[in-house]
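# Architecture and fold: a report
Read off the chains here:
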Amino acid sequence: MGAGAYTIQAEAARILRSILLADPRLQVPPSVVAAASHTRFDASALSVPFLPAPIKCSESSAALWGLLAAFGNAIASSRYNIPLQSVVVNSDVASLFLFSFLLLRVGERPLSDPDLVKRYSVNDTTAQMVPWRRLVTNVYPTRDGRWFHLHGGLDSSPCLKMLGLPTHRDDVVDEMDAITALSEKVQRFDAEWLDVEANEHWRQAGGICLTLEEYRASAQGRAVADDPLYLLEEFPSEKLPPVPWPEAHTTTYRPLEGIKLVDLTRAIAGPTIAKLAALFGATVVRVSNTALPDLGIVLFESNLGKRDAHVDLKTDEGKRSLKQLIEDADVVLDGYRPGALEKLGFGPTYVHEIARRRGKGIVYARENCYGWKGPWAHRSGWQQISDAVTGIAWLFARMWEGEAAAEPVMPFLPNSDFQTGIVGCIAIMNALERRARTGGNYLVSMSLNQLNSFLISLGTQSPEVQHSLREMWPDMRSRHYDDLHRQMRVLSSGLPMVTPQLLNPKYFMSTKAELGVPDEEMEFVGPAATYERTKLGYDVGSCLRGTHDAKWPSEE
């Protein structure tokens, strides 16, 4: 490869050093900037872009892993009185991270194994995975010539009622039959009607597929245009002095050992934040409700490193259990619809008051779709909706069809979800590091839209790279109705042939799981960062919902 040729590693290094570390809005402390100088990107990883995407997924993920690793390096050095370590970030693994749940193996079997499907399908309490209900979450043309992304969330019934369709169609088993019937109905409405009706009346996620220019010109786009990847707010108080890092008798030197995090999230982005915190040593208790639906296929992997407790937050007993967890927590992670935890009595104001009363600050971390101000901030949202409204879907369409692309195409992987997960863990580490030095309470806020805006700001792959990607992945050319499930089938089948290096056994780890069979091993994608001395890993394997009591391990 000639001098100056584009490589994933060089671009990741540029993003880390010239963009992330140089952004004053991220408030990266000098110790972390110093630690980042000890980070390099593994030259043995694939150097030429290989994911069939116009945006720089691999490069951005690797750069964010680099910043995350630098925070971990600086904290470990301070906590354990050890020198800053050399850190290697592998961009192959940073890429695998973006669809890691697909690569999980339990008991040496893939997630497509019928027994595993049966086990994780118990979380699908609303029968979302049948074609008629699953394909509500898709892009369809509207009466006024636009494109709207419906989203059924974890229960498609409100969307189907909004459209005047039956909530269940057991007679529809073919995906294209479901797509045709849903499309015909959506085309009876204008896009703006669907947008307001879904979000403001039925309280279902949904969004018009906007171009980048349309999003930037929108009231929401303008409201968050100057927001960084995360917002970090400090609330100092004389009653909240600096909090020393917990005493840890460690052999792994992970930066977050002893830190207690309450995980109040579902789906992907929020659970990924907590999963990464556990990888870096935190003790995580996930608060779930076994009576409510969840993404079972993702949950088997996203519950890595966590203890999962059933808690009904609409009961007095459930609220007492959550309050008791928070009273001894360092971090509370909120991935609910904006305002939902406030209605339950556990928004940032009250959680910060709990911290003030005990005399020890707390980090309240929250993640949403649209950002934390603007006319859409209150709306629920998912990765697909963010990809639709920010212009990502049109970028993917134009990669395949050029500027004349007639329909948007959704990304084949939940990129914005997983990368927002990295951003969230970075922000939490930043706040905890500050709490150790200066005390106070903290509020850190992330959103899928801000991640997508950051990605877009990095620029798209060159025309030459996009051409080579089309040639590498001809079967990934998709239509507007090809949802994540349909596209990931093609990705999964093509991966061993197109990029066999990604499946290198050294990129994977294993541990015991609690997924319904005693002493069962699970194999999963390992960390993208490797330290000289610190050994990243999970204290516990993944578990089913409600496996544990709503207590910290020291109390059990």
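Summarised in this report is the structure supplied together with it. (Residues numbered from 1 in each chain as written. Predicted model: local features only at pLDDT ≥ 70, side-chain atom pairs only at ≥ 80, totals over all residues. Heavy atoms only, no water.)

What follows deals with the overall build of the chain. Of regular secondary structure, the chain possesses 22 helices and 17 strands. Since a compact globule built from 556 residues should have a radius of gyration of about 24 Å, the 22 Å found for the chain is in line with a globular shape. With the principal axes as the frame, the chain shows a C-alpha extent of 65 × 60 × 50 Å. When burial is assessed residue by residue, the chain has 62% of its 556 residues classed as buried. Pairs at least 24 apart in sequence give 79% of the contacts found in the chain among residues at least 6 apart. When the accessible surface of the chain is totalled, it reaches about 20900 Å², and 52% of it is carbon and sulfur. For the chain, the distance from the average site of its 57 positive side-chain charges to the average site of its 66 negative ones is 3 Å. (Helix = DSSP H or I, 4+ residues; strand = E, 2+ residues; numbered from the N terminus. Rg over C-alpha atoms; globule rule 2.2 N^0.38 Å. Buried < 20%, exposed > 50% of the residue type's maximum accessible area, 1.4 Å probe, protein only. Contact = heavy atoms within 4.5 Å. Areas by Shrake-Rupley, 256 points an atom, 1.4 Å probe, with all protein chains shown as cover. Lys, Arg positive; Asp, Glu negative; His and termini not counted. Charge placed at Lys NZ, Arg CZ, Asp CG, Glu CD.)

Moving on to the nonpolar core. Counting 115 residues, the largest nonpolar core has Leu-20, Trp-65, Phe-99 and Tyr-230 as the members making the most contacts within it. Looking at which element gives the most residues to this core, the answer is helix 3 (residues 57-80), with 12 residues. Setting aside its immediate chain neighbours within four residues, Trp-65 contacts Val-89, Ala-94, Phe-97, Leu-276, Leu-279, Phe-280, Ile-422, Pro-527, Ala-528 and Ala-529. Residues Phe-148, Val-186, Tyr-370 and Tyr-481 belong to the second largest nonpolar core, which totals 33 residues. (Core = buried A, V, L, I, M, F, W, Y, C linked by side-chain atoms within 4.5 Å.)

Between side chains of opposite charge, pairing is possible as soon as their charged atoms come close. A complete count under the given rule lists 37 salt bridges for this structure. Note that Arg-357 is salt-bridged to Glu-353, the shortest N-O span being 3.0 Å. Within this pair, Arg-357 and its partner Glu-353 are both found in helix 16 (residues 348-358), separated by 4 residues, close to a single helical turn. When its relative accessible area of 21% is taken as the criterion, Glu-353 is described as partly exposed. One continuous salt-bridge network, built from bridges that share partners, spans Arg-134, Glu-175, Asp-482, Asp-483, Arg-486 and Arg-489. (Salt bridge = Lys/Arg side-chain N within 4 Å of Asp/Glu carboxyl O.)

Attention now moves to the packing of helix 14 (residues 316-327) against helix 16. It is the contact of helix 14 with helix 16, at a shortest axis distance of 10 Å, that shows an interaxial angle of 55 degrees. With respect to their mutual orientation, helix 14 and helix 16 come out oblique. The chirality of how helix 14 crosses helix 16 is right-handed. Where helix 14 approaches helix 16, its residues Lys-323, Ile-326 and Glu-327 are matched on the opposing element by Tyr-350, Val-351, Ile-354 and Arg-358. In terms of residue class, the contact of helix 14 with helix 16 is built from 4 nonpolar, no polar and 3 charged. (Axes fitted to C-alpha atoms, helices over the stretch in contact; angles between N-to-C directions. Parallel < 35°, antiparallel > 145°, perpendicular 65-115°, else oblique. Left-handed = near helix turned anticlockwise from the far one by under 90°. Nonpolar A, V, L, I, M, F, W, Y, C, P; charged D, E, K, R; others polar.)

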